[in-house]
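# Examining the three-dimensional arrangement
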Amino acid sequence: MTDRAATRSGDSKTTNQQTQSGYRGLIDTHNEELVIVLDFGSQTAQLIARRVREQNVFCQLVRHDLSVQRIRELNPKALILSGGPASVYGPGAPQPDPALFDLDIPILGICYGMQVACRSQGSNVIPGKSREFGRTKLEVIADDPLLVDLPVESTVWMSHGDQVEDLSEHFRPLARTDTCPIAAVKHHIRPIYGLQFHPEVTHTEFGGLLLSNFVKKVAGCHGTWKISSLIEREINMLQQRVGDDQVICGLSGGVDSSVVAALLSKAIGKQVSCIFVDNGLLRKGEREEVERRFTEHFKTDLHVVDARERFLSELAGVDDPQKKRKIIGRVFIEVFREEARSIPNAHYLAQGTLYPDVIESGSNPDGPAATIKAHHNVGGLPEELGFELIEPLRELFKDEVRAMGHELGLPDDLVWRHPFPGPGLAVRCLGEITQHQLDVLREADAILIEELHKAGLYRQIQQAFAVILPLKTVGVMGDDRTYEDVVAIRAVTTNDFMTADWFQMPHEVLGHISTRITNSVRGVNRVVYDISSKPPSTIEWE
């Protein structure tokens, strides 16, 4: 924890370090059951962490070259080496600290990670005679704790062009496929394993069982990480950290900030003041719903700030998505500061940053360095924050936050509400933001959500929204030609928001949504449906 006196006195360096590292209590209190995933650039590296957490074992994603000294400090029960797009024998291929394999910690290499592990022990890795992408049959050829309860034959998901050619004297094969004779391996002496396929993806039939066997039967984890006990630990840490000070909660009305507000309320009661900023980028009826819910249901000290003109003025003429996020983050904090002056003894700002936000923004000092996009919570904050930052959900995936919301007694309609980005409709109005675009988008988005509820599809979809495109197309309404806006509809299914598939919307529902939007929303003459998955696309358009 940063020195509170230094933070209050305006030490911007200390405050900014706190902003970047965030509230990282979880890893400190769960290191007896910690598993670390070293990320070599795989598109599914985050899924590994999520699948391990399904075993009630805390797991964190870190960069591939994290030093052995730092790994010893974190004291993990096991390490997992992710896949990656490179060839291990290629120039500049990412490599771990060479001392990693001397730690006597159970290690599981997946795809590229298996090739790294095998090559480090003298095995040869070459381009495969036949590249494997997609489902294939795996045959188990040896007994091992890693493979307990796995049938002799099962379906696995492959995605590789290279493979291990020989195992030297150090490894023995555990499984094979028709085109990959060395599909799973175990070191003769050390607790080092390798899988050429991907157990983290749902296409691998018994992937969860394999990861469970590794963390529990091989690494000896007991599965003690549970949401109920996590809430108790977080409450204790919040009480110790905050003392008698006041905490300001950045409230958006979505599940993340609502869970933070409920957790703070349970921990420190009347020491919490929620500030809701109407930035002019909200969904239809959002402000009214937040005011109703957090004054009637939660009985919260709620401050509502009308800053619509201020945000839209700052965003005028800006079309770059990263600049939009930076501006919104800056103005958001400025508005917070001004409102916070009316709240005595306020020294902390709490917000609902999630683990995917941290990963994608590259803000974790131990985590992968690549930045996909700047998130409002973690990427748009200026150096001189003015508050000490509290992010109690920083290490959690979305479904874990929902589980925490249920434990805290939040209503179902709030817990299962679709996510809404921090920058709001700004990242769904492509290009320059205008009041016309926002008005059109609010109406179209409200129609989409209403129709999904009517069709009983809302809970089957994890995120759905409308996007207005920065172009116009020719249309016909009655006997007149029109030249009006295009609205895109996006609906995805996902377990963790790190990867996502487009939702196969029933045609009659999609047609009804399109007809309602073009008939009811003045200025729209065309509706399109986004059928892109993540990756290669992101869920949001900006």
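Residues numbered from 1 in each chain as written. Predicted model: local features only at pLDDT ≥ 70, side-chain atom pairs only at ≥ 80, totals over all residues. Heavy atoms only, no water.

Moving on, we come to the nonpolar core. In this structure, L79, L100, L264 and M404 are the most contacted members of the largest nonpolar core, which totals 68 residues. With residues near it in sequence (within four places) discarded, L100 still touches L38, V68, I71, L79, L81 and I107. Residues A307, F332, A491 and V521 belong to the second largest nonpolar core, which totals 52 residues. (Core = buried A, V, L, I, M, F, W, Y, C linked by side-chain atoms within 4.5 Å. Buried < 20%, exposed > 50% of the residue type's maximum accessible area, 1.4 Å probe, protein only. Contact = heavy atoms within 4.5 Å.)

It is worth spelling out the packing of helix 11 (residues 308-315) against helix 12 (residues 321-340) at this point. Packed helix pairs are specified by the crossing angle of their axes together with the interaxial distance, meaning the distance between the axes. Contact pair helix 11 / helix 12: the axes reach a minimum separation of 10 Å and the direction vectors enclose 150 degrees. With respect to helix 12, the axis of helix 11 lies roughly antiparallel. Regarding helix 11 and helix 12, the two cross each other, and that crossing is right-handed. Between helix 11, through R310, F311, E314 and L315, and helix 12, the contact on the second element is made entirely by K324, I327, I328, R330, V331, F332, E334, V335 and E338. Split by residue class, the contact of helix 11 with helix 12 holds seven nonpolar, no polar and six charged. (Axes fitted to C-alpha atoms, helices over the stretch in contact; angles between N-to-C directions. Helix = DSSP H or I, 4+ residues; strand = E, 2+ residues; numbered from the N terminus. Parallel < 35°, antiparallel > 145°, perpendicular 65-115°, else oblique. Left-handed = near helix turned anticlockwise from the far one by under 90°. Nonpolar A, V, L, I, M, F, W, Y, C, P; charged D, E, K, R; others polar.)

With that settled, the discussion passes to the packing of aromatic side chains. For the coordinates displayed, the defined rule picks out five aromatic pairs. With a centroid separation of 6.5 Å and an interplanar angle of 80 degrees, the aromatic rings of Y193 and F214 are classed as edge-to-face. With Y193 in strand 9 (residues 192-195) and F214 in helix 7 (residues 207-218), this pair connects stretches of sequence that are 21 residues apart. The same class applies to Y193 as to F214, namely buried. Ring centres 6.4 Å apart and planes at 80 degrees place the aromatic pair W502 and Y529 in the edge-to-face group. (Phe/Tyr/Trp six-rings, centres within 6.5 Å; stacked < 30°, edge-to-face > 60°.)

This brings us to the sheet that holds strand 13 (residues 346-350). Taken together, the five strands give an open sheet; going across it, the order is 12-11-10-13-14, and neighbouring strands pair in parallel fashion. The sheet terminates laterally at strand 12 (301-306) and strand 14 (388-390), the two strands that pair on one side only. Strand-to-strand, the axes of this sheet are offset by a mean angle of 30 degrees, without reference to chain direction. Pairing of strand 11 (residues 272-278) with strand 12, which is carried by six bridges, proceeds in the parallel orientation. Bridged to C274 within strand 12 is L302. (Pairing = 2+ DSSP bridges.)

Further remarks concern the environment of F420. If you trace the backbone, F420 turns up in the loop between helix 15 (412-415) and helix 16 (435-454). In this structure the C-alpha to C-alpha distance between F420 and R283, which are 137 residues apart in sequence, comes to 8.9 Å. Here F420 is in contact with L281, L282, R283, E286, L425 and R428, once residues within four sequence places are set aside.

Within the secondary structure, I359 sits in helix 13 (residues 355-361). Taking relative accessible area as the criterion, I359 reaches 8% and is therefore assigned buried.

A word on the confidence of the model for the protein. Residues with a pLDDT of 70 or more make up 88% of the protein, whose mean pLDDT is 85. With pLDDT under 50 throughout, residues 1-31 is counted as low confidence; its partners more than four residues away or in other chains account for 76 contacts. Within the model, pLDDT remains below 50 along residues 369-383, and this stretch shows 56 contacts once partners closer than five positions in the same chain are excluded. (pLDDT = per-residue confidence, 0-100.)

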